[in-house]
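Breakdown of the fold
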Amino acid sequence: MVDRGASALSLPDDWPAHPDPILALNRMGSFDWDLDSGLFHMDAQAHEVFDVRPDEYNGRPESLAARVPPSEARRLDALVAQAIKDGSENYGAYFRLRCRDGRLRWTHTQGYIRRDETGRPRRIIGIVRDATRELSEIESRREVAGQDNGDQSSVVQATTAALAHARTVRDVIDVLENSDGVTHLGATSLVMGLVEAGRIRLIAEGPVGSRVPGTEVTRIDEAYPMSEVVRTLSPRFIESPQEFASRYPMLWPDITDLGITSAAYLPLIVQARPIGAMGLLYGDRRGFTPEERDILVALGSSIAQSLQRAMFYEQEKDLASGLQQAMLPRTIPSVPGADVAVRYRSGSSTGTLGRDIGGDWYDLIPLPGGRVGAVIGDVQGHDTHAAAVMGQLRIVLRAYAAEGHTPATVMARASVFLHELDTDRFATCLYAEADLATGVVQVVRAGHIDPLLRAPDGSCRRVPVGGGLPLGLSAEFGSLDYPVGTLELDPGHTLLLLTDGLVETPGADLDDGLQALTTLVASGPPDVWKLADRLIDVAEERGGDDDVALLLLRRRGMDAPKTGGRLQQHVAPGDPEALTGARHMIRAAVRAWGAADRADEIELVADELITNALMHTEGAAIVTLRVLTGGERRLRVEVEDSSSALPRRREAGESGVSGRGLLLVDLLTDVWGVEARGGGKCVWCEFTVPERDTP
């Protein structure tokens, strides 16, 4: 069907897609497909070829769905995608389209792929034409040459090839109803049923108007031809109207108006068990040669295998969908001070059973002190195993976060957990811990795409976050240090976490996809639920093989917790970015908690304690800020390390550059002290700060 020879077109870069007299005389239409915008411009003759009016077409290929059957659309999509992937300059294919009156008509398209200097495809320009007469002439020549039986064998082979791509029972029916197989075999009507609980349920019949009353559900023991072939597991060939009337007197009176002259009823058998039956009814022939009978029996066997595969696929899909829905959070808890919206869309991959399910997930974890943890992730693969791994990862991430670990520790522990599972899968993940009282958000990224931040004025930007290896891989390669990024979420700002299914398209760069998404978000509604709906609708319209998970968190600010705030940051030795992030966190928290008058003192003391921990111990420092209430309001700074050696005050000489740290702590704080913490210690200090005014 696909012509991969030399292109029928030799088109310049500025070739126009507008009505052309020569094309029109040959019943050809032209098109120009902008791959960046997705717009598919057709001239007037192309509209005639597709039998669509201008007001029925919005400039996008998806709006031609009413004319191009689903099985044909998938085949064309796969052909174009393969040509782009292979670096081909052109492609060609015959396909069927359904006219306004319901007739199927053969059409041919030839496309020429235009690429930029980097090799990236930017446009496809080409033609479409009515190929009905061409294929009819070819068929006539074959018949004159006496190749009828060979043609029928070829039709069975072509139908079998088309059935190989059918995933669902509906796809199988579409192939039979829309393909040239039934038509070229000479049948004028088709009927098919599946065996269910001792009955045969009709799942397909045609053409329109040929429905026989009372046959939608029939018993296997009734005197109908489909019932008979199911009972006997043998085909029935009815060679004349008289034979039909005498063998099936219950059915014949209802089909006399159809002009049936002969029929072939085939059992659909898989592993010696009947799963259904199919009937081909003819209006212009009598009798079947032995070769024709063999061909039809082969066709029935191919259809039976495809139906069984489709039923297994649908069962596995239902099971996988149920499993994934059980793994995702049933409800998202309400969070004081924030509006949260989540969405999920499963992929629509082709060709493999059970691949409409994946490992994308989201989660929202309420934490003490007015904080909340937001998770987005994607387990490698699209099957039930990916969904099962996703469920386990979601549970352990929630548990580690709820235990009070820092974001970097949460990610590192989750990576170790996945590495120790009996699986070869890895996962990308992004964990954001937000303090809704201060707006400070700590973000850790494990091979995942960056988050987006939308401002109240609608502007949207990508937030670059330093990241580590995906979960599982970081543990395998011993690289468990995850840098922590810090950003401020002011009232009215929305944080968007997403999986790559929302931005990745075949042949397109990820950065371009993210840029297109930021533009879409900027033009979207301010309401997080409506914005989430719009984004998932766009993903649905675009389709694609990958899942999409989405979490939007908008800080309201007005009803955020006003006391009991808590923030924590992990600072590794030799990591200046982590130290800068800790200072940024302290500065933002001090301002947000109403301690601006003492900001310089708090920042200086905290920086001194962190520096001492990094200089005089072998490991990292964990910095914690919290607000203490009850009596006077205090801001407490804690710096924890793994050394059990207690700090001691030293006298600095006149030119000494050290020895002044604890002296500063003692002078600037209201109270300070040291606590033993397991194998290490915690140096803490407190500052009295005024109560914040109630907004």
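Described in the following lines is the structure provided in the data block.

This part covers the sheet that holds strand β3 (residues 90-98). Spatial ordering of the open sheet is given by β2-β1-β5-β4-β3, a layout of 5 strands whose pairing is antiparallel. The two strands at the open ends of the sheet, each matched to only one other strand, are β2 (40-42) and β3. On average, adjacent strands in this sheet sit at an angle of 25 degrees to one another, irrespective of strand direction. Where strand β1 (residues 28-34) and β2 come together, 3 bridges link them in antiparallel fashion. Residue pairing across strands places Trp33 opposite Phe40, the latter belonging to β2. Relative to the sheet, helix α3 (residues 70-86) contacts β1, β3, β4 (104-115) and β5 (121-130), its axis offset from that of β3 by approximately 170 degrees.

Moving on, we get to the packing of helix α18 (residues 599-616) against helix α19 (residues 661-668). The geometry of α18 relative to α19 is characterised by a closest axis approach of 10 Å and an angle of 150 degrees between their N-to-C directions. In this view, α18 runs roughly antiparallel relative to α19, as classed from their interaxial angle. Of the two elements, α18 crosses α19, and the hand of that crossing is left-handed. Counted together, Glu601, Leu604, Val605, Glu608 and Leu609 of α18 and Gly661, Leu664, Val665 and Leu668 of α19 form the full contact between these two elements. Residues that form the contact of α18 with α19 fall into these classes: 6 nonpolar, 1 polar and 2 charged.

For helix α16 (residues 528-542), which comprises 15 residues, the first-to-last C-alpha distance of 21 Å matches the rise-based estimate of 21 Å (1.5 Å per residue) to within 8%. Along α16, the residues classified as buried are Val528, Leu531, Ala532, Leu535, Ile536 and Ala539. With its buried residues spanning 125 degrees around the axis, α16 presents them on a single face. The outward face of α16, more than 90 degrees from its buried face, is lined by the exposed residues Lys530, Glu540 and Glu541. Contacts made by the buried residues of α16 are with β12 (338-345), β17 (452-454), β21 (494-498), α15 (510-522) and β22 (548-555). For α16, the N-terminal capping position is held by Asp527, with its side-chain oxygen 2.9 Å away from the main-chain nitrogen of Trp529. One or two positions beyond α16, positive phi appears at Gly543, with a value near 70 degrees.

Glancing now at the pattern of salt bridges. When the charged atoms of two side chains with opposite charge come close together, those side chains can pair. Tallied over the full model, the rule gives 40 salt bridges. Notably, a salt bridge pairs Arg462 with Asp511, separated by 3.0 Å at the nearest N-O pair. With Arg462 in strand β18 (residues 460-462) and Asp511 in helix α15, this pair connects stretches of sequence that are 49 residues apart. When salt bridges that share partners are traced, they join Asp36, Asp116, Arg120, Arg122 and Asp512 into one network.

Attention shifts here to the nonpolar core. Judged by nonpolar contacts, the single largest core of 54 residues is most densely connected at Trp361, Leu393, Leu471 and Leu553. The element best represented in this core is helix α12 (residues 384-402), accounting for 8 residues. Residue contacts for Leu553: discarding those within four places in its chain leaves Ala338, Asp339, Val340, Leu364, Val372, Leu436, Leu489, His493, Thr494 and Leu495. Listed in part, the 33 residues of the second largest apolar core include Ala582, Val590, Ala606 and Val683.

Reading the values: the criteria
- Residues numbered from 1 in each chain as written.
- Predicted model: local features only at pLDDT ≥ 70, side-chain atom pairs only at ≥ 80, totals over all residues.
- Heavy atoms only, no water.
- Pairing = 2+ DSSP bridges.
- Helix = DSSP H or I, 4+ residues; strand = E, 2+ residues; numbered from the N terminus.
- Axes fitted to C-alpha atoms, helices over the stretch in contact; angles between N-to-C directions.
- Contact = heavy atoms within 4.5 Å.
- Parallel < 35°, antiparallel > 145°, perpendicular 65-115°, else oblique.
- Left-handed = near helix turned anticlockwise from the far one by under 90°.
- Nonpolar A, V, L, I, M, F, W, Y, C, P; charged D, E, K, R; others polar.
- Expected span 1.5 Å × (residues − 1).
- Buried < 20%, exposed > 50% of the residue type's maximum accessible area, 1.4 Å probe, protein only.
- Arc of directions from axis to C-beta.
- Polar contact = N/O pair within 3.5 Å; in protein donor to acceptor, adjacent residues only side chain to side chain.
- Salt bridge = Lys/Arg side-chain N within 4 Å of Asp/Glu carboxyl O.
- Core = buried A, V, L, I, M, F, W, Y, C linked by side-chain atoms within 4.5 Å.

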